[in-house]
Amino acid sequence: MDLTIRASILRTLARLRASRGLTYVFISHDIETVRHFCSTVAVMHRGKIVETGPTRDVLMAPQHPYTQSLISAALPVVPYSAVVGSTNSRGQMS
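I will try to describe carefully the structure that is included in this document. Keep in mind it's a predicted model, so treat the numbers as computed, not measured.

**Some words on the layout of surface pockets**
At step 1: Taken as a whole, the largest pocket holds about 660 Å³ of empty space.
At step 2: Lining the largest pocket are 24 residues, and of these Phe 26, Ile 27, Ser 28, Val 41 and Ala 42 lie nearest its centre.
At step 3: Looking at the lining of the largest pocket, the elements that each hand over two or more residues are α2 (31–37), β1 (40–45) and α4 (65–73).
At step 4: Top contributing element to the lining of the largest pocket by residue count: β1, with five residues.
At step 5: Split by residue class, the lining of the largest pocket holds 17 nonpolar, six polar and one charged.

Here it is in structure tokens:
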């Protein structure tokens, strides 16, 4: 998916979440999108949850080796906020 289109979709989802009090189950391999869109994360490996918690905590100090490998493999191409927009104090898009 084109980066601009993805950013537009995520902004729309964030707006709907804020205006209607929605909750999403967001499944992704894109760590940077998860970092900026989700307040809580569950990392799955081979069909089992291996780590869960507040997104910021899990991604800043991953405990499970699989979580560590996912984060080390993630290479942000451009600053995410430059594409998607600003985030609030919890690291979520506003």
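**Structural notes on a nonpolar patch on the surface**
At step 1: Together, Met 1, Ile 5 and Ile 9 line one region of the surface with nonpolar side chains, adding up to about 340 Å² of accessible area.
At step 2: Along the chain, Ile 9 turns up in helix α1 (residues 3–20).
At step 3: Ile 9 sits in the partly exposed class, given a relative accessible area of 38%.

**Some details on the side chain of Glu 51**
At step 1: With respect to the helices and strands, the residue Glu 51 is situated in strand β2 (residues 48–54).
At step 2: The buried charged residue Glu 51 lacks any salt bridge, with Arg 35 as its nearest oppositely charged partner at 12 Å.
At step 3: Polar contacts involving the side chain of Glu 51 include one to the main-chain amide nitrogen of Gln 63, which spans 2.8 Å.
At step 4: A polar side-chain atom of Glu 51 sits 3.0 Å from the main-chain amide nitrogen of His 64.

**A few points about the side chain of Thr 55**
At step 1: Relative to the helices and strands, Thr 55 is located in helix α3 (residues 55–60).
At step 2: The contact partners of Thr 55, leaving out residues within four places of it in the chain, are Val 34, Arg 35, Cys 38, Ser 39, Thr 40 and Val 41.

**Observations concerning the packing of aromatic side chains**
At step 1: Under the criterion given, the structure shown has two aromatic pairs.
At step 2: Arranged with centres 4.9 Å apart and planes meeting at 50°, the rings of Phe 26 and Phe 37 form a pair that is tilted. One end of the pair, Phe 26, is in the loop between α1 and α2; the other, Phe 37, is in helix α2, and 11 residues separate them in sequence.
At step 3: Overall, the relative accessible area of 29% leaves Phe 26 in the partly exposed class.
At step 4: On the accessibility criterion, Phe 37 (2% relative accessible area) is buried.
At step 5: Joined through ring pairs, the aromatic side chains of Tyr 24, Phe 26 and Phe 37 make up one cluster.
At step 6: Between the NZ or CZ atom of Arg 17 and the centre of the ring of Phe 37, over which it lies, the distance is 4.6 Å.

Conventions used here
Residues numbered from 1 in each chain as written. Predicted model: local features only at pLDDT ≥ 70, side-chain atom pairs only at ≥ 80, totals over all residues. Heavy atoms only, no water. 1 Å grid on protein atoms, 1.4 Å probe; cavity = no way out; pocket = protein on both sides within 12 Å on 5 of 7 lines; lining within 4 Å. Points joined across faces, edges and corners; volume = space filled by probe spheres on them. Helix = DSSP H or I, 4+ residues; strand = E, 2+ residues; numbered from the N terminus. Nonpolar A, V, L, I, M, F, W, Y, C, P; charged D, E, K, R; others polar. Patch = residues over 30% accessible without salt bridge, like charges linked within 9 Å, V, L, I, M, F, W, Y side chains within 5 Å. Areas by Shrake-Rupley, 256 points an atom, 1.4 Å probe, with all protein chains shown as cover. Salt bridge = Lys/Arg side-chain N within 4 Å of Asp/Glu carboxyl O. Buried < 20%, exposed > 50% of the residue type's maximum accessible area, 1.4 Å probe, protein only. Lys, Arg positive; Asp, Glu negative; His and termini not counted. Polar contact = N/O pair within 3.5 Å; in protein donor to acceptor, adjacent residues only side chain to side chain. Contact = heavy atoms within 4.5 Å. Phe/Tyr/Trp six-rings, centres within 6.5 Å; stacked < 30°, edge-to-face > 60°. Lys NZ or Arg CZ within 6 Å of the ring centre and 35° of its normal.

Interpretation note: all reported values are geometric properties and have no functional meaning in isolation.
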